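# Reading the structure
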Amino acid sequence: MMKFRSAPVLITAIALVLAGCGQSTLGPALLASSSQMTDQASPLLDSPNATGPLNHMPAPATRPGQWLLFANHEHTKFSVDGSGTVSDMVNILQKGGVDAMDLTDHNNMQGVLTPDFANSPLIMIKGMEWGAWRQDGETVVGHAGLLEMDGTDPLPTNATLDEMLAMASARHAYIIANHPFCNGNAWASAPVLQPQVSAMEVWNGYWTLTEPITHNDKALAWYDSLLQGGRHLTAIGGADYHGPWYQHLPSVPGSEPMRPVNLVFATSHDAKGVMDGVRGGHITVEATNTAARVVLEADPAHDGSWATIEGDDIPVASNGTIPMRAHVIGGKGLTVTFFGKSGPIGAAKVTSDDQEVPVTVPAVPGIANYVRVELQQHPGHSWSMTALTNPIYLN
C-alpha cells in the first residue's frame, strides 16, 4: 500500500474539494499556498519510465497516417476558474512535444476567437465545456466536452442535460461525457449513457490524486460495462488544466496540461485528421507526454500487415482466431494486460524498450467481443496506470 505524509495529503484533499472539478475559484489559492509540499510526494505518483517525448509511434506500414499527441480538456482565463492565455497554453504544450490541443473553456468559446488560437503552431480544435447548476438542491448537470461544434455561441446553462445534448447534436458537436462521477455530475445517474455521447473521459487529471474527486476507477468500470453491453464508445483522457497557477505543483491534480494526454492516429496533420482519429476511437490515453507508449494492433487477415488498430471493427464470418499485439515503447519492466468482454485475457511483462507483446483471441460468429490494453507498473493497481488503449471490436 502507498504511504503518504499526512500534511500534504490533507492540503491536497481540501484543495480538491474546493476545486471541485473546475468549479471554484478557491481551489487555486489554497493550492498555491501549499507549494512546499511538492518534494514530499511519493515517487510512485510520477509516471513510470518517463524517458522523454515518444509521440512518434510507428504507424502500420500498410496504413497511411501518424500517431500524434493530443491534449484534451484544457482551460484558460476565459473560464471563470481558469487563468493564463491561449498563447501560454500553446507554449507549454509545444515545449512538451504535443501536436494538437482543444480549448474547452467553461460555457464560452471566446478563446477560439483570439489571434493566438488562429495563429497557433499546434493543430487547434475548437471546443467548450458545458455545465449547468441547479438551484433546487441538484448540483452539477453535465459536464460535457463539446468539440468542433458549429459556430461559437455558447449553449445555455439553464438547459437540462437532454436539452443540451439535442442542441449540441444539432450543431454537430462531438460530445464527451467529462469526469462522469465527479462532484454530483449527473452522467452516472442516468440508467444508460445517452446515445448522442460519443466518448467518455475515463481518465481525468492525475489519476492517483484526483481519484477521491473524479473517480477514474468508477469511470473506467462503467466504460467497460457499456462495452460489455455492446456499446461502441471512445475512451479519452482529459487534463482538466485550469492555468499556470498550478505550474509549480507537479504532484497536485490539474498541475499539468499533459496529464493525461492522448495518442491519436491521424490520417492528416490538421484538425480534421485529429478529429477523424478521435471519432474513430484510434486513441491511447497516456499518463503524460513522457510516459511509455502502447498501441493495440491486429492482423485479422493473417498476412502480416497489422493494419487494424484500436477503434477498428473486425467482422467475424467463421470460427477462428485473431492475432493481436500491444506494441510498447519505453515500457521495459511494465506489464501489459489484455482485457476482453469477460475480463482479463492475458498479461505479460515488458522486457525491452521496444517490444510487441502478442495475444491470440478466439473469434466466433454472432458473439461480439472486444480487446483493449492497459499498461501498468503494478497490475491491478490503478494508481500505477501508465497507459490504456481503446478497444478493437470483434463483431
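In this report, we go over the structure that sits alongside the text.

### A few points about the nonpolar core
Counting 79 residues, the largest nonpolar core has Trp130 and Leu146 as the members making the most contacts within it. Counting residues per element, this core draws most heavily on strand S3 (residues 123-133), at six residues. Those residues in contact with leucine 146 that sit more than four places away from it in its chain are Lys126, Gly127, Met128, Trp130, Leu155, Met164, Ala168, Ala173, Tyr174 and Ile175.

### Here we look at the packing of aromatic side chains
With the rule as written, the count across this model stands at three aromatic pairs. Each ring, one from phenylalanine 181 and one from tryptophan 222, has its centre 5.8 Å from the other, and the planes form 75°; the classification is edge-to-face. With a gap of 41 residues between them, phenylalanine 181 in the loop between strand S5 (174-177) and strand S6 (199-204) and tryptophan 222 in helix H7 (residues 216-228) connect regions that are remote in the sequence. The interplanar angle of 80° and the centroid separation of 5.0 Å between the aromatic rings of tryptophan 203 and tryptophan 207 together place this pair among those described as edge-to-face. Both residues of the pair, tryptophan 203 and tryptophan 207, count as buried. Above the ring of phenylalanine 339, the side-chain terminus of arginine 372 is found at 4.7 Å from the ring centroid.

### Side note on the sheet that holds strand S11 (residues 308-309)
Pairing is antiparallel across the open sheet formed by four strands, whose spatial order is S11-S10-S13-S16. Each edge of the open sheet carries a strand with a single partner, namely S11 and strand S16 (354-363). In this structure, strand S13 (residues 320-329) lies alongside S16, joined through ten bridges in antiparallel fashion. In the strand pairing of S16, alanine 326 is matched with valine 357.

### Let's talk about helix H5 (residues 161-170)
Looking at H5, one finds that the buried residues are Leu161, Met164, Leu165 and Ala168. End-on, the buried residues of H5 take up no more than an arc of 100°, which puts them together on one face. One or two steps after H5, the chain reaches histidine 172, where phi turns positive at roughly 60°.

### Section: unusual backbone geometry
In this structure, the amide linkage connecting arginine 259 to the following residue, proline 260, adopts the cis form with an omega of -5°. Tracing the backbone shows proline 260 in the loop between strand S7 (234-238) and strand S8 (261-266). Of note in this structure, histidine 172 is not a glycine but carries a positive phi near 60°. Residue position: histidine 172 is located in the loop between H5 and S5. Notably, tryptophan 306 is not glycine yet its phi reads approximately 50°, a positive angle. Locating tryptophan 306 in the fold gives a position in the loop between strand S10 (293-298) and S11.

### Observations regarding the pairing of S10
With six of six residues buried, S10 lies mostly within the body of the structure. Residues Arg293, Val295 and Glu297 of S10 are buried on one face, and the alternating residues Val294, Leu296 and Ala298, pointing to the opposite face, are buried as well. Across six bridges, S10 lies against S13 in antiparallel orientation. Residue pairing across strands places leucine 296 opposite alanine 326, the latter belonging to S13.

### Quick look at the pattern of salt bridges
Here the idea is simple: oppositely charged side chains can pair when their charged atoms come close. Applying the stated rule across the entire model yields seven salt bridges. Note that aspartate 312 is salt-bridged to arginine 63, the shortest N-O span being 2.6 Å. In this pair, aspartate 312 sits in the loop between S11 and strand S12 (313-314) while arginine 63 sits in the loop between helix H2 (26-33) and strand S1 (66-71), placing the two residues 249 residues apart along the sequence. Sharing partners across several salt bridges, the network here consists of Asp224, Arg372 and Glu374.

The rules behind each value
- Residues numbered from 1 in each chain as written.
- Predicted model: local features only at pLDDT ≥ 70, side-chain atom pairs only at ≥ 80, totals over all residues.
- Heavy atoms only, no water.
- Core = buried A, V, L, I, M, F, W, Y, C linked by side-chain atoms within 4.5 Å.
- Buried < 20%, exposed > 50% of the residue type's maximum accessible area, 1.4 Å probe, protein only.
- Helix = DSSP H or I, 4+ residues; strand = E, 2+ residues; numbered from the N terminus.
- Contact = heavy atoms within 4.5 Å.
- Phe/Tyr/Trp six-rings, centres within 6.5 Å; stacked < 30°, edge-to-face > 60°.
- Lys NZ or Arg CZ within 6 Å of the ring centre and 35° of its normal.
- Pairing = 2+ DSSP bridges.
- Arc of directions from axis to C-beta.
- Salt bridge = Lys/Arg side-chain N within 4 Å of Asp/Glu carboxyl O.

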